[in-house]
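Structural features, examined
So you can see what is in the structure, the chains are spelled out below.
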Amino acid sequence: MGTDHSTVSAVSTPHGRGGIAVIRISGEAAVAVADRVFFAGNGAALADMESNRMVWGAIRYEDEQIDDGMAVVFRAPHSYTGEDTVEISCHGGVFITQKVLEATFLAGAQPAGPGEFTKRAFLNGKLGLSQAEAVIDLIDAENMEKVRLAGAGARGTLKRAAEEICLLLRDAVSSTYAYIDFPDEDLTDMTREELLSAIDTADTRLCRLIDSYSLGRAVNEGIRCAIVGRPNTGKSSLLNALMGEDRAIVTEIAGTTRDVLEERINIGRMMLRVSDTAGIRETDDVVERLGVARSIRALSEAEVVLAVFDGSSEAADEDRALLERLADVRCPVIAVLNKADLGARRFVADTGCSFAAEIAVSAKNGEGLEQLRASLESLFLRGEIDYHTEGVIANARQYAAVCAAREHVRHARAALCEGFTQDIAGMDLELALGALSEVDGRAVTGEVVDTIFHNFCVGK
Ligand code: GDP
């Protein structure tokens, strides 16, 4: 992952018609490139202009003025990328913006790839990898909770939490080095007890971070949810009621919800990724059977299942078959007894199945939906977390790194407890340090970095 010396440019505002558009140029030659495109009204070259000050001027394509707008110079290292950067704001027409961008290419810039500005910020040490990931999450956020979580991540809360544990581990490792150099002398910085205590502190903090992923996942990535039940129990209606708008197709003909639809629904502070399914039941219809196969897959991949029954009628054979199948499901299952407006019979209570909750609802009049939402939240959002002070793991990559670190820390502890010398524990602690460093990318491969930045749009 070497530093790239090229100068790149891209439109950093969304493509489309708008009041203004911003073209960002970054790299060693950014100011020189901009000076060939932008001509300040006061006659001064951008190269002679103060940093961080906006100036009005003419924008030229070859020798012709095509627009006027504003420019600002950010000088390395005090810019988003850490390199010299110029941002030119022009009128936000699709064509004019493209022309201004082309003018920067003619002046010597190269087109920036997806996420290239943020990738440069990372390579130049302006951002940790977890912060860069949080920037993508912030751009993708569709609710306030995700804005809060991603905002804290972008400001470096998780990075700092990981760094603090790294510091603890580093002290412990260096103490074990002293042991390797002088095993017979009492020269280690830490006694065996102090080393154990440092390991325990690191373990506690790692566990707390690992626990935070329950929240991070629920808010950021969304919990995979399968809605299952025999046809006509009201699965599509329930999905619509939870979404608050008519998205899935509701019909009165049994078995017509054939596709597994994925919908993202805000449930209080968390997000649910709901697969509405064709319902699990035996069928001879080929198309419908495909839907059933998919719904069985959705069930096996789900992190929570909403099993919908028609609570106003007696249990049917298909309900019993579903209940049997649900007995094998590992994730929490909420029994939703729908059609409460028609009067509830609560047959599920007699089946011996253990549900995380049993809730009578009416998809028709909204009864019980708040209770269902609260029940879902309580399954995944345990306790309060202060985003400003506590690091929260926001994705599977970060989670894997922290889990690996905890494994190594536990090995180190076991080694000490089994009577091995400190240097043996030290090797495990070094591995833990390596794993934890991946949270912020100091130890990740170029390939992982490229994958992350490809999720960005061009211009970010
Ligand atoms: P699905 O096949 O399980 O997806 O069921 P649908 O959502 O298509 O609903 C089947 C039928 O039940 C439709 O006629 C709905 O209007 C009706 N229905 C759904 N939920 C309720 C409810 O809570 N109360 C009443 N009375 N009818 C409902």
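Anything mentioned here points back to the structure above.
A brief structural summary. (Residues numbered from 1 in each chain as written. Predicted model: local features only at pLDDT ≥ 70, side-chain atom pairs only at ≥ 80, totals over all residues. Heavy atoms only, no water.)

1. Focus: the overall build of the protein chain
- Helix and strand content of the protein chain: 14 helices and 13 strands.
- The buried share among the 460 residues of the protein chain stands at 51%.
- Across the protein chain, contacts joining residues at least 24 apart in sequence account for 68% of those joining residues at least 6 apart.
- Surface summary for the protein chain: the accessible area is close to 21600 Å², and the carbon and sulfur share equals 50%. (Helix = DSSP H or I, 4+ residues; strand = E, 2+ residues; numbered from the N terminus. Buried < 20%, exposed > 50% of the residue type's maximum accessible area, 1.4 Å probe, protein only. Contact = heavy atoms within 4.5 Å. Areas by Shrake-Rupley, 256 points an atom, 1.4 Å probe, with all protein chains shown as cover.)

2. Details of the pairing of strand S12 (residues 333–338)
- A large share of S12 lies buried, amounting to six of its six residues.
- By the alternation rule, side chains of S12 split into Val333, Ala335 and Leu337 and Ile334, Val336 and Asn338, which are all buried.
- Examined bridge by bridge, strand S11 (residues 304–310) and S12 share six bridges and lie parallel to one another. Each bridged residue has a counterpart across the sheet, and for Asp310 the counterpart in S12 is Asn338.
- Crossover S11 to S12 through helix H10 (residues 317–326) is right-handed.
- Relative to strand S13 (residues 357–360), S12 runs parallel, the two sharing four bridges. In the sheet register, Val336 faces S13, and the bridge partner there is Ile359. (Pairing = 2+ DSSP bridges. Right-handed = clockwise from strand over helix to strand, strands pointing away.)

3. Examining the sheet that holds strand S1 (residues 8–11)
- Ordered in space as S3-S4-S5-S6-S2-S1-S7, the seven strands form an open sheet in which the pairing is mixed. Of all strands in the sheet, those with a lone pairing partner are strand S3 (38–40) and strand S7 (110–111), marking the two edges.
- By the bridge criterion, eight bridges tie strand S4 (residues 54–61) to strand S5 (residues 64–74) in an arrangement that is antiparallel. Bridged to Val55 within S5 is Ala71.
- Across the sheet, helix H3 (residues 116–123) touches S1, strand S2 (18–26) and S7, and the angle it forms with S1 is around 135 degrees. (Axes fitted to C-alpha atoms, helices over the stretch in contact; angles between N-to-C directions.)

4. Thoughts on the pattern of salt bridges
- Enumeration over the complete set of coordinates arrives at 21 salt bridges.
- One salt bridge in this structure joins Arg120 and Glu116, with 3.1 Å as the shortest N-O distance. Taken together, the residues span about one helical turn, with Arg120 and Glu116 both in helix H3 at a distance of four residues.
- Here Glu145 makes a salt bridge to Arg269, at a shortest N to O gap of 3.2 Å. One end of the pair, Glu145, is in helix H5 (residues 144–154); the other, Arg269, is in the loop between strand S9 (261–267) and strand S10 (270–276), with 124 residues separating them in the sequence.
- Residue Glu145 is classed as buried on the basis of its relative accessible area of 8%.
- Residue classification places Arg269 among the partly exposed residues on the basis of a relative accessible area of 22%.
- Linked through salt bridges whose partners overlap, the residues forming this network are Glu83, Glu116 and Arg120. (Salt bridge = Lys/Arg side-chain N within 4 Å of Asp/Glu carboxyl O.)

5. Comments concerning a nonpolar patch on the surface
- Nonpolar side chains collect at one region of the surface, where Leu138, Met144 and Val147 lie side by side and expose about 240 Å² of accessible area between them.
- Relative to the elements of secondary structure, Met144 occurs in helix H5. (Patch = residues over 30% accessible without salt bridge, like charges linked within 9 Å, V, L, I, M, F, W, Y side chains within 5 Å.)

6. Considerations on the side chain of Lys146
- In this structure, Lys146 sits in helix H5.
- At a separation of 3.1 Å, a polar atom in the side chain of Lys146 contacts the main-chain carbonyl oxygen of Asn220.
- Sequence-distant contacts of Lys146, defined by excluding residues within four places in its chain, comprise Asp137, Asp140, Ala141, Gly151, Val219 and Asn220. (Polar contact = N/O pair within 3.5 Å; in protein donor to acceptor, adjacent residues only side chain to side chain.)

7. Observations concerning the nonpolar core
- Counting residues in each nonpolar core, the largest one holds 35 residues, and the members touching the most others are Leu238, Leu272, Leu306 and Leu372.
- The dominant element in this core, judged by the number of residues it contributes, is helix H8 (residues 235–243), at five residues.
- Here this core spans two domains, since at least three of its residues come from each of domain 2 (135–217 + 395–440) and domain 3 (222–380).
- Excluding anything up to four places from it in sequence, Leu238 contacts Leu306, Val308, Val336, Val361, Ala363, Leu369 and Leu372.
- Among the nonpolar cores identified, the runner-up in size contains 33 residues, and Ala162, Leu169, Leu206 and Tyr213 belong to it. (Core = buried A, V, L, I, M, F, W, Y, C linked by side-chain atoms within 4.5 Å. Domains from an automatic or database assignment.)

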